There are 4 protein chains.
Amino acid sequence: MQPQLPPTEAIQNLPTLLSESWFEYPVRAQPHHTDYAGVVWHGTYVAWMEEARMECLRSIGVSFVDLVALGCELPVVELSIRYHRPVQMGMAAIVKTRMTQSEGVRIVWDYQIQSPDAQELYITAQVTLVAIDREKGKIMRQLPSAVKDALARLAGGGDRG
Amino acid sequence: MQPQLPPTEAIQNLPTLLSESWFEYPVRAQPHHTDYAGVVWHGTYVAWMEEARMECLRSIGVSFVDLVALGCELPVVELSIRYHRPVQMGMAAIVKTRMTQSEGVRIVWDYQIQSPDAQELYITAQVTLVAIDREKGKIMRQLPSAVKDALARLAGGGDRG
Amino acid sequence: MQPQLPPTEAIQNLPTLLSESWFEYPVRAQPHHTDYAGVVWHGTYVAWMEEARMECLRSIGVSFVDLVALGCELPVVELSIRYHRPVQMGMAAIVKTRMTQSEGVRIVWDYQIQSPDAQELYITAQVTLVAIDREKGKIMRQLPSAVKDALARLAGGGDRG
Amino acid sequence: MQPQLPPTEAIQNLPTLLSESWFEYPVRAQPHHTDYAGVVWHGTYVAWMEEARMECLRSIGVSFVDLVALGCELPVVELSIRYHRPVQMGMAAIVKTRMTQSEGVRIVWDYQIQSPDAQELYITAQVTLVAIDREKGKIMRQLPSAVKDALARLAGGGDRG
């Protein structure tokens, strides 16, 4: 009944899309983001990356809530983070993200979190999502067309201002 | 469609139940619970109190998941916390809870968070839940019988070891 | 060594300041803010309220990080929340806050969380902070002048646009 | 002033330690761990893994708080997670961890999160820590002897019951 992890080979090949431009999502390290060391707790970045991903999708017209309402889930199946420097309490940072790859129903997002002046690199990361048909509890054979179209627009770039 | 806040007068009077004995739930302040000040962040206690409430219910045979499956939600409608002293990073503490009052479909829980040796009082708090019929999106007229029976057992006390 | 809870009577009377205008902080319910019920988890609002408070202080020129660097902590000593309706997954909301009262070193903040069109009220809440001298581990006798001045500006209102 | 990411080559070779036995840390999916999909939110596992790591160290006599007091920080520098199946709301799970490798001041922890009956595998993950001298803001040349000794004991295995 529970969805199985997707096979590593893509079920259906969508032409690989590459978005060269980054979507930028500003954040600030508030007390609840920090830990005893006075810097952002290492798990907080996972929340920031999710927010950036949602807002990137929203910026190209994809409402995550609508997808869910249509029965399409996009759970994270892989996550990797490299921590270069910690964001200090009170500091602003920019979460940069772009979709680097989409094979079939797998969507790969790249991340860089850096200082607003781009002089400091805090985090590099990668997150992989997969499209699940909630009713069947199975990996979808292909992305919903709303997502596919939006990703194509995203790959086209340029029109995000 | 969204549930309204319950009227302050109870819809149906369940004889007021008072549990004199406390349920005790042990916790430890891990790095992710703390903030830049080296102590537990003030919002973390809300999570600890929820855990203690769930485990108290479980100890008297009430599965929160089963309730939800039956269409009964128990959202928090009121919360108040008084912070006496902070729990320091790495320290153990005991979350003590008991149901102090149940009027109709409102259930009130009292909390004390203290040091394992009971010499330090960290937090006193109160949380009020109300039973919602998820399908109708309305306050229930009475608690589901599984809950009512369990609360009566809890009020009876003694049998929780 | 640990700070004691402040006495209820104020140590020193600062003329009571009342800010009539609200500071508004926009938020959006992302997946990590929600719980199994599809709505924002009841503890998430505590984080949103902290963010709004920090940004309100920043808007009047008070840097929380600078205060901490000066040895002044502003821990939460009381918190109360009334939950009227839950914010649904994916929805935007406005966290409104204003300082309603400051007696000596206690600062009281009022909150309303509502829909962007102000038609739905989700949360009303109140948070009390107290100024602690970190080195002495004691309640301060008076607020640091940077805070007092800023609060006076805030009470003056009008100039926050 | 901020610590740099450690060089990939170890500064000093500590004989590679391999702990064959797993440390087991039980958890339960409470409402605050879940998201709108009714399962544990993908970032929650990062907190659970931290808790398991702290408790594993404690079980071999290493107090994280003491390390910090001695000026040794052990920040996470790399994290990777593979999500096989989600833990459902209300379910119990076991976080299994062991130190698989320690080169110089880098400590690598392996993770498996599974059902209590070991029939379901939810998560596999790896977390890398590095020892930082807080005062100098630099990678340590070697692990503090308290850590080295404890890791040797851990590598010796057997004595953890």
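Up top you'll find the structure we're talking about.
If you're wondering where the values come from, they're calculated on a predicted model, not measured in any experiment.

About the cut-offs
Numbers given to residues run from 1 along each chain, matching the order in which its sequence is written. Written order decides the labels, with chains lettered from A and ligands numbered from 1. Totals for whole chains, interfaces and linings use every residue, but because this is a predicted model, local features are given only for residues with pLDDT of at least 70 and side-chain atom pairs only at 80 or more, for both listing and counting. Numbering goes from the N terminus for both helices and strands, where a helix is a DSSP run of H or I of at least four residues and a strand is a run of E of at least two. Contact between residues is assigned whenever the C-beta positions, reconstructed from backbone atoms, fall within 7 Å. Think of it as three bins: nonpolar holds Ala, Val, Leu, Ile, Met, Phe, Trp, Tyr, Cys and Pro, charged holds Asp, Glu, Lys and Arg, and polar takes everything else, Gly as well. In short, DSSP must find at least two bridges between two strands for them to pair. Each copy is superposed on the other by least squares, with the fit set by C-alpha atoms of residues at a pLDDT of at least 70 in both. Around each residue's C-beta, the other C-beta atoms within 10 Å are counted; 20 or more make the residue buried, 12 or fewer make it exposed, and counts in between make it partly exposed. All C-beta atoms are placed from the backbone. The span expected for a helix works out to 1.5 Å for each residue beyond the first.

Visitor: Before we move on, could you go through the overall build of chain A and cite the residues and values that matter?
Guide: The number of helices and strands found in chain A is three helices and eight strands. Helices (α) and strands (β) of chain A occur, in sequence order from the N terminus, as β-α-α-β-β-β-β-β-β-β-α. Across chain A, contacts joining residues at least 24 apart in sequence account for 72% of those joining residues at least 6 apart.

Visitor: Any chance you could break down the interface of chain D and chain A for me, citing the residues and the numbers?
Guide: On the side of chain A, 20 residues touch chain D, which itself brings 20 residues to the contact. Of all the secondary structure elements, the ones that give two or more residues to the side of chain D that touches chain A are helix 1 (44-59) and strand 3 (76-83) of chain D. In terms of residue count, strand 3 of chain D provides more of the side of chain D that touches chain A than any other element does, eight residues in total. Residue composition of the side of chain D that touches chain A, by class: 11 nonpolar, five polar and four charged. Two elements, strand 3 (residues 76-83) of chain A and strand 3 of chain D, share five bridges in a ladder whose sense is antiparallel. Residue pairing in the sheet places A:Leu79 in a bridge with D:Ile81 of strand 3 of chain D.

Visitor: Summarise the relation of the copies chain D and chain A; cite the residues concerned and give the values.
Guide: Rotating chain D by 180° about the axis while translating it 0.0 Å along that axis superimposes it on chain A, leaving an RMSD of 0.0 Å. Classification of the inter-copy transformation places it as that of a two-fold axis. Among all C-alpha atoms of chain D, that of D:Ser80 lies closest to the rotation axis, at 2.0 Å. In this assembly, 100% of the residues forming the interface of chain D have copies in chain A that are likewise at the interface, indicating an isologous arrangement.

Visitor: Summarise the interface of chain B and chain A; cite the residues concerned and give the values.
Guide: As a measure of interface size, the accessible area lost when the parts come together is often cited. Facing the nine residues of chain B at the interface are nine residues of chain A. Considered class by class, the residues forming the side of chain B that touches chain A number four nonpolar, four polar and one charged.

Visitor: With reference to specific residues and values, describe the pairing of strand 1 (residues 23-28) of chain D.
Guide: All names here are of chain D. Burial along strand 1 is one-sided: the face carrying Phe23, Tyr25 and Val27 is buried and the face carrying Glu24, Pro26 and Arg28 is not. In this structure, strand 1 lies alongside strand 4 (residues 92-103), joined through six bridges in antiparallel fashion. Within strand 4, the residue paired with Tyr25 across the bridge is Val95.

Visitor: With reference to specific residues and values, describe the relation of the copies chain B and chain A.
Guide: For the pair of chain copies, the relating transformation is a rotation about an axis with a translation along it. Of the transformation placing chain B onto chain A, the axial shift is 0.0 Å and the rotation is 180°, giving an RMSD of 0.0 Å. Taken together, the interface assignments show that 100% of the residues at the interface of chain B recur at the interface of chain A, consistent with an identical surface on both copies.

Visitor: Quick one: what's the story with the sheet that holds strand 7 (residues 132-133) of chain D, residue by residue and with numbers?
Guide: Backbone-to-backbone hydrogen bonds join strands into a sheet, with any given pair of strands oriented parallel or antiparallel. Residues and elements named next belong to chain D. With respect to topology, three strands assemble into an open sheet ordered 2-7-8, the strand pairing being antiparallel. The open sheet has two edge strands, strand 2 (72-73) and strand 8 (138-139), and neither has a second partner. With two bridges connecting them, strand 2 and strand 7 associate as antiparallel partners. Along strand 7, the bridge assignment pairs Cys72 with Asp133.

Visitor: Before we move on, could you go through the sheet that holds strand 7 (residues 132-133) of chain B and cite the residues and values that matter?
Guide: Pairing is antiparallel across the open sheet formed by three strands, whose spatial order is 2-7-8 (chain B). Single-partner strands in this sheet number two, and they are strand 2 (72-73) and strand 8 (138-139) of chain B.

Visitor: Describe helix 1 (residues 44-59) of chain A, naming the residues involved and giving the relevant values.
Guide: All names here are of chain A. With 16 residues, helix 1 should reach 22 Å at 1.5 Å per residue; the first-to-last C-alpha distance of 23 Å fits that figure. Along helix 1, 12 of the 16 residues are buried, which leaves the element largely enclosed by surrounding structure. Taken residue by residue, helix 1 has Thr44, Tyr45, Val46, Ala47, Trp48, Met49, Glu50, Ala52, Arg53, Met54, Cys56 and Leu57 as its buried positions. Immediately beyond the C-terminal end of helix 1, within one or two residues, lies Gly61, with a positive phi of roughly 90°.

Visitor: Can you lay out unusual backbone geometry for me, pointing to particular residues and giving the numbers?
Guide: Residue and element names in this part refer to chain B. A positive phi angle, close to 65°, is found at Ala118, a residue other than glycine. Tracing the backbone shows Ala118 in the loop between strand 5 (106-114) and strand 6 (121-130). Residue classification places Ala118 among the exposed positions, given that 10 C-beta atoms sit within 10 Å.

Visitor: Which residues make up the environment of B:Ala125, and what values do they have?
Guide: Residue and element names in this part refer to chain B. On the secondary structure map, Ala125 appears in strand 6. In this structure, the C-alpha to C-alpha distance between Ala125 and Ser80, residues 45 residues apart in sequence, is 5.5 Å. When neighbours within four sequence positions are excluded, Ala125 is seen to be in contact with Met49, Ser80, Ile81, Arg82 and Tyr111.

Visitor: How would you sum up the pairing of strand 4 of chain D? Please name residues and give values.
Guide: Residues and elements named next belong to chain D. Sheet topology note: the strand 4/strand 5 (residues 106-114) ladder contains nine bridges and is antiparallel. Bridge pairing in strand 5 links Arg98 to Asp110. The turn linking strand 4 back onto strand 5 is made up of two residues, and Gly104 within it adopts a positive phi angle of 60°.

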